[in-house]
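Residue-level structure breakdown
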Amino acid sequence: MRTGITIDVKPEDRERLLAVLANRNSPQKHVWRARIVLLTAEGHGTAAIMRQAGVAKTAVWRWQERFMEAGTDGLLRDKTRPSRIAPLPPAVAERVVALTLGAPPGETTRWTAPAMAAEVGISVSSVQRIWRAHGLQPHRLRQFKLSNDPRFAAKLRDIVGLYVDPPAHAVVLSVDEKSQIQALDRTQPGLPLKRGRCGTTTHDYKRHGTTTLFAAFDVLEGRVIGRCMRRHRHQEFIRFLNAIEAAVPAGKQIHVILDNYAAHKHPKVIAWLGRHPRVAFHFTPTSASWLNAVEGFFAKLTKRRLKRGVFHSVVSLQAAINRFVAEANEDPRPFRWIKDPDKIIAAVRRGHQALDSLH
């Protein structure tokens, strides 16, 4: 039995320890630790403390030493214990990272956590922890498309110039068509949204035909000229150009921004352009439809009116589209371009350099 162990408990420490004993919600391990210290301070021996606290001799000695080292906070805080499983060596994590950055074995298209765990010989949770620590997400994939247009920079600056500083006495229109809009009808009615349950819809549907929306977005005023037509050939495009020419007041130049769709460059369209000298075409670079401002209007139309919509005929679909166009024109919002074209050109160059280095 150890002898000569004395503990001096300060008044504030005694008050905290007594509060632990008096609190019925205190953990039992905190209770008998406080009792060991208080009995030691009162001069009781180890055997007496063992009987009253109901603990072993080594526990009495351990918490006497802990109080002398760390005070009351040391009694109420457990020291961290080493894991039963040894941590993975750094070489394992390096191998996981190296394999993840490389091609997966066989004909698989990407690494999965179970496949990586089987390859390296560790658990799935360890693989996930390593991926999380290194910011690796093999299950995700971002799509991209770089323009190969040799006049990319010139076309970009031309169109951005129309957005940022349009010519005086002119109208800048972003024109495109949203083709193959389907009039979809669900085979069964879905359930509405309620608390604790999302809305439902059937995965299958009935097709009642398609339509094409020709739209011209006024960059300065935010208004939209829209026409629904059955097809999207050059004949329909010329009809839409006539509608645009009739809607724009006389005496104003019309600058049309459009993509490189074949119908936009048809010989009859070029001939129409020659008969209307106040209309000028500005083509976006190839694979750069994101430069066309009307794409934002099409995105809003898809999200707010077409997606999840139920249409029993093409007529009802066209009516819904026309109502959306009318609602958009009631609260028009001009288009604002804020991206620096030099940064876009530099990013495209970096992308081409990266592709050239890989191939």
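It should be noted that the structure appears before, not after, this text.
Below is a short write-up of the structure. (Residues numbered from 1 in each chain as written. Predicted model: local features only at pLDDT ≥ 70, side-chain atom pairs only at ≥ 80, totals over all residues. Heavy atoms only, no water.)

1. A look at the overall build of the protein chain
Operational definition: Labels follow the DSSP assignment, with helices taken as runs of H or I lasting at least four residues and strands as runs of E lasting at least two, numbered in each case from the N terminus. Radius of gyration: C-alpha atoms only; globule rule: 2.2 Å multiplied by the number of residues to the exponent 0.38. Only protein chains enter the accessibility calculation, which uses a 1.4 Å probe; a residue is then buried when its area is under 20% of its type maximum, exposed when over 50%, and partly exposed in between. Any pair of residues with heavy atoms lying within 4.5 Å of one another is described as a contacting pair. Here the accessible surface of atoms and residues is derived via Shrake-Rupley with a 1.4 Å probe, and residues count as covered only by protein chains that are part of the display.
Counting its secondary structure elements, the protein chain contains 13 helices and five strands. By the compact-globule yardstick of 21 Å for 359 residues, the protein chain is too spread out, its C-alpha radius of gyration being 37 Å. Overall, the C-alpha framework of the protein chain stretches about 115 × 50 × 45 Å when taken along its three principal axes. The buried share of the protein chain, reckoned over its 359 residues, is 38%. Intrachain contacts of the protein chain at a sequence separation of at least 6 include 66% that bridge at least 24 residues. With the model as given, the accessible surface of the protein chain reaches about 22800 Å², and the carbon-plus-sulfur share is 53%.

2. Topic: the environment of glutamate 327
Relative to the elements of secondary structure, glutamate 327 occurs in helix H12 (residues 314-330). Taking the C-alpha atoms as reference points, glutamate 327 and glycine 54, separated by 273 residues in sequence, lie 79 Å from one another.

3. Topic: the pattern of salt bridges
Threshold: Counted as salt bridges are all cases of a side-chain nitrogen of Lys or Arg within 4 Å of a carboxyl oxygen of Asp or Glu.
As enumerated under the stated definition, the model contains 10 salt bridges in all. Residue arginine 278 pairs with glutamate 245 through a salt bridge whose shortest N-O separation is 3.2 Å. With arginine 278 in the loop between helix H10 (267-275) and strand S5 (279-283) and glutamate 245 in helix H9 (residues 234-247), the pair connects residues that are 33 residues apart, well separated along the chain. Take arginine 278: its relative accessible area is 15%, and that puts it in the buried class. Take glutamate 245: its relative accessible area is 26%, and that puts it in the partly exposed class. Arginine 333 is paired through a salt bridge with aspartate 331; the nearest N and O atoms lie 3.9 Å apart. Overall, the relative accessible area of 49% leaves aspartate 331 in the partly exposed class. The network of salt bridges with shared partners includes Lys29, Arg33 and Asp78.

4. Some thoughts on the packing of helix H3 (residues 46-53) against helix H4 (residues 57-75)
Basically, it comes down to this: Axis lines are fitted through C-alpha atoms, for helices just across the contact stretch, and the angle between N-to-C directions can take any value from 0 to 180 degrees. Here the angle decides the label: under 35 degrees means roughly parallel, over 145 means roughly antiparallel, 65 to 115 means roughly perpendicular, and every other value means oblique. Nonpolar residues are Ala, Val, Leu, Ile, Met, Phe, Trp, Tyr, Cys and Pro. Charged residues are Asp, Glu, Lys and Arg, and all others, Gly as well, are polar.
Running from amino to carboxyl end, H3 crosses H4 at an angle of 105°, the nearest separation of the two axes being 9 Å. On the basis of the axis angle, H3 is roughly perpendicular to H4. Here Thr46, Ile49 and Met50 of H3 come into contact with H4, specifically with Lys57, Val60, Trp61 and Gln64. Class assignment of the residues belonging to the contact of H3 with H4 gives a composition of four nonpolar, two polar and one charged.

5. A short note on H9
Which entries qualify depends on this criterion: Under the convention used throughout, the expected extent of a helix is 1.5 Å for every residue step, that is, one less than its residue count.
Compared with an ideal rise of 1.5 Å per residue, which puts 14 residues at 20 Å, H9 spans 20 Å between its outermost C-alpha atoms and is within 8% of the ideal. Every buried residue of H9 is listed here: His234, Glu236, Phe237, Ile238, Phe240, Leu241, Ala243 and Ile244.

6. Regarding the nonpolar core
The nonpolar side chains of a soluble globular protein tend to be buried, and buried together. Formally: We define the nonpolar core as a collection of buried residues of types Ala, Val, Leu, Ile, Met, Phe, Trp, Tyr and Cys that are connected through side-chain atoms lying within 4.5 Å of one another.
Core analysis: the biggest nonpolar cluster contains 33 residues, and Leu213 and Phe297 have the highest contact counts within it. Among the secondary structure elements, those contributing two or more residues to this core are helix H8 (152-164), strand S1 (170-186), strand S2 (205-218), helix H11 (294-306), H12 and helix H13 (341-358). In terms of residue count, H8 provides more of this core than any other element does, six residues in total. Among all residues touching phenylalanine 297, those that are not within four sequence positions of it are Leu213, Ala215, Val224, Phe324, Val325 and Ala328.

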